[in-house]
Structures are given as structure tokens and as C-alpha cells.
Amino acid sequence: MEEKFFYFDVVHAVNVHDWIIEHSGGRAGINDLNLLHSPLEHIQNDLYYPDLEDKLTHLVFSINKNHAFIDGNKRSSIALGAYFLELNGYEYCIQYFVQQMENIAVWIARNDIDSDLLHAIITSLIYEDDYSEVLKLRIANAVTE
């Protein structure tokens, strides 16, 4: 049976971002709303993003890298990724996801972690208790090169 996914809209994403800025600081505002519309629409394409981890990877990576917001893109990518997990019944891994993604989001922004490695990390965060030794080495190599 095909999995049904739940999504949120741009209004919700902007509200989450505004709340983050209000409560943790930074400059409010939007650079380009199309940079937010695009990933939110893309992840709804089940042919291109068939699995939750595919959708979540694209969502987090795009919000982090494309700078739809003036400030808080890394924080927003984590919060919106966590909300996507919640919407789709993955509450059990949200706390772990948020904790691990704090460093990962910085490494994505620095271009240390690409979307392929992020996909492996997100898959591990959802389905495993800890990163495999191979994934730990991939992460270590990516952030120390």
C-alpha cells in the first residue's frame, strides 16, 4: 500500500520562521518567497521524492541552502523538518532529529555536507538508534576536509 504524506503550506513555514526569530533572535523578513514555495511543492511529487527521507532531505537542504529568509534559515530548516516528521507520524525520532541536526545544519550551510550525505544521515536518524561506523566516518571526513 502506498504511504500517504501530510504537508504544510508556505504560511505555516513563515509563521514558524517568525516565531523562531522572535524567540531566539535574528533579523526578520523574507528574501524570496519562491525559494520557500519551490521545495514545499517539490516534496509533494511522489515520483521524484517517493519516501519520507527523500522528502525530508530535500526540504531541510533547500531551506538551509536557498536562503528564503533573511536570517534563521538553518534554524527554520530544522524546525520545519521536525514538523514534517510530526505531521507524518514520526514523533519517536523528533527529539533525536533536532539534537543531531544542530551541527548538521551548520555543516550543510558550510558546504561540508551535500544532499547525498544528508540523505544518509536523515535515513539513519529516522530508522536507527545511532549512526553506523561507516556513516560516522563519512561525516567525519566531510567536516574535516
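Our structure's up above, just so we're on the same page.
Source: prediction; values computed, not measured. (Residues numbered from 1 in each chain as written. Predicted model: local features only at pLDDT ≥ 70, side-chain atom pairs only at ≥ 80, totals over all residues. Heavy atoms only, no water.)

(A) Highlighting the nonpolar core. If you look at the biggest cluster of nonpolar residues, it comprises 41 residues, and the most contacted ones within it are Leu36, Leu56, Leu85, Phe97, Met101 and Ile121. Residues contacting leucine 56, with those up to four places away along its chain left out, are Gly81, Phe84, Leu85, Phe97, Ile122 and Ile126. (Core = buried A, V, L, I, M, F, W, Y, C linked by side-chain atoms within 4.5 Å. Buried < 20%, exposed > 50% of the residue type's maximum accessible area, 1.4 Å probe, protein only. Contact = heavy atoms within 4.5 Å.)

(B) Fine view of the layout of surface pockets. Of the pockets and cavities examined, the largest pocket occupies roughly 210 Å³. Taken together, 14 residues make up the lining of the largest pocket; nearest its centre are Asn73, Lys74, Arg75, Ile78 and Ala105. Put simply, the parts of the chain that give the lining of the largest pocket at least two residues each are helix 4 (73–87) and helix 5 (94–109). Residue composition of the lining of the largest pocket, by class: 6 nonpolar, 4 polar and 4 charged. (1 Å grid on protein atoms, 1.4 Å probe; cavity = no way out; pocket = protein on both sides within 12 Å on 5 of 7 lines; lining within 4 Å. Points joined across faces, edges and corners; volume = space filled by probe spheres on them. Helix = DSSP H or I, 4+ residues; strand = E, 2+ residues; numbered from the N terminus. Nonpolar A, V, L, I, M, F, W, Y, C, P; charged D, E, K, R; others polar.)

(C) Local environment of the side chain of histidine 17. If you trace the backbone, histidine 17 turns up in helix 1 (residues 10–24). Only 2.6 Å separates the side chain of histidine 17 from the backbone oxygen of aspartate 71, close enough to count as a polar contact. Setting aside residues up to four positions removed in sequence, histidine 17 forms contacts with Gly29, Phe69, Asp71, Gly72 and Ser76. (Polar contact = N/O pair within 3.5 Å; in protein donor to acceptor, adjacent residues only side chain to side chain.)

(D) Fine view of the packing of aromatic side chains. Following the criterion strictly, the structure yields 4 aromatic pairs and no others. Look at tyrosine 48 and tyrosine 49: their rings are 4.9 Å apart centre to centre, the planes differ by 80 degrees, and that puts the pair in the edge-to-face class. By relative accessible area, tyrosine 49 is classed as buried at 12%. Between the aromatic rings of tyrosine 90 and tyrosine 92, the centroid separation amounts to 6.1 Å while the plane-to-plane angle is 40 degrees, which identifies the pairing as tilted. By relative accessible area, tyrosine 92 is classed as exposed at 57%. (Phe/Tyr/Trp six-rings, centres within 6.5 Å; stacked < 30°, edge-to-face > 60°.)

(E) Summary view of helix 1. Taking 1.5 Å as the rise per residue, helix 1 with 15 residues should run 21 Å; its terminal C-alpha atoms sit 21 Å apart, in good agreement. Residues Val10, Ala13, Val14, Val16, His17, Ile20 and Ile21 constitute the buried set of helix 1. In an axial view of helix 1, the angular spread of the buried residues amounts to 160 degrees, which keeps them on one side of the axis. Away from its buried face, by an angle of more than 90 degrees, helix 1 presents the exposed residues Val11, Trp19 and Glu22. Structurally, the start of helix 1 carries an N-cap: the backbone nitrogen of valine 11 is 3.3 Å from a side-chain oxygen of aspartate 9. Count one or two residues on from helix 1 and you reach glycine 25, which has phi positive near 95 degrees. (Expected span 1.5 Å × (residues − 1). Arc of directions from axis to C-beta.)

(F) Main features of the environment of glutamate 145. Relative to the helices and strands, glutamate 145 is located in the segment after helix 7 (133–144). A residue is classified by how much of its surface remains accessible, and glutamate 145, at 80% relative accessible area, is exposed. Measuring from C-alpha to C-alpha, the distance between glutamate 145 and aspartate 112 comes to 8.0 Å, with 33 residues separating the pair along the chain.

(G) Unusual backbone geometry, seen in detail. Here histidine 67, not a glycine, exhibits a phi torsion of approximately 55 degrees, which is positive. By the element assignment, histidine 67 lies in the loop between helix 3 (52–66) and helix 4. With phi around 70 degrees, asparagine 111 is a residue other than glycine that occupies positive phi space. Along the chain, asparagine 111 turns up in the loop between helix 5 and helix 6 (115–127).

(H) Geometry of the pattern of salt bridges. This model, assessed by the stated rule, comprises 5 salt bridges. Where aspartate 112 meets arginine 110, a salt bridge forms, and the shortest distance between an N and an O atom there is 2.4 Å. With a relative accessible area of 47%, arginine 110 lands in the partly exposed category. Residues participating in the shared-partner salt-bridge network are Asp130, Glu133 and Lys136. (Salt bridge = Lys/Arg side-chain N within 4 Å of Asp/Glu carboxyl O.)

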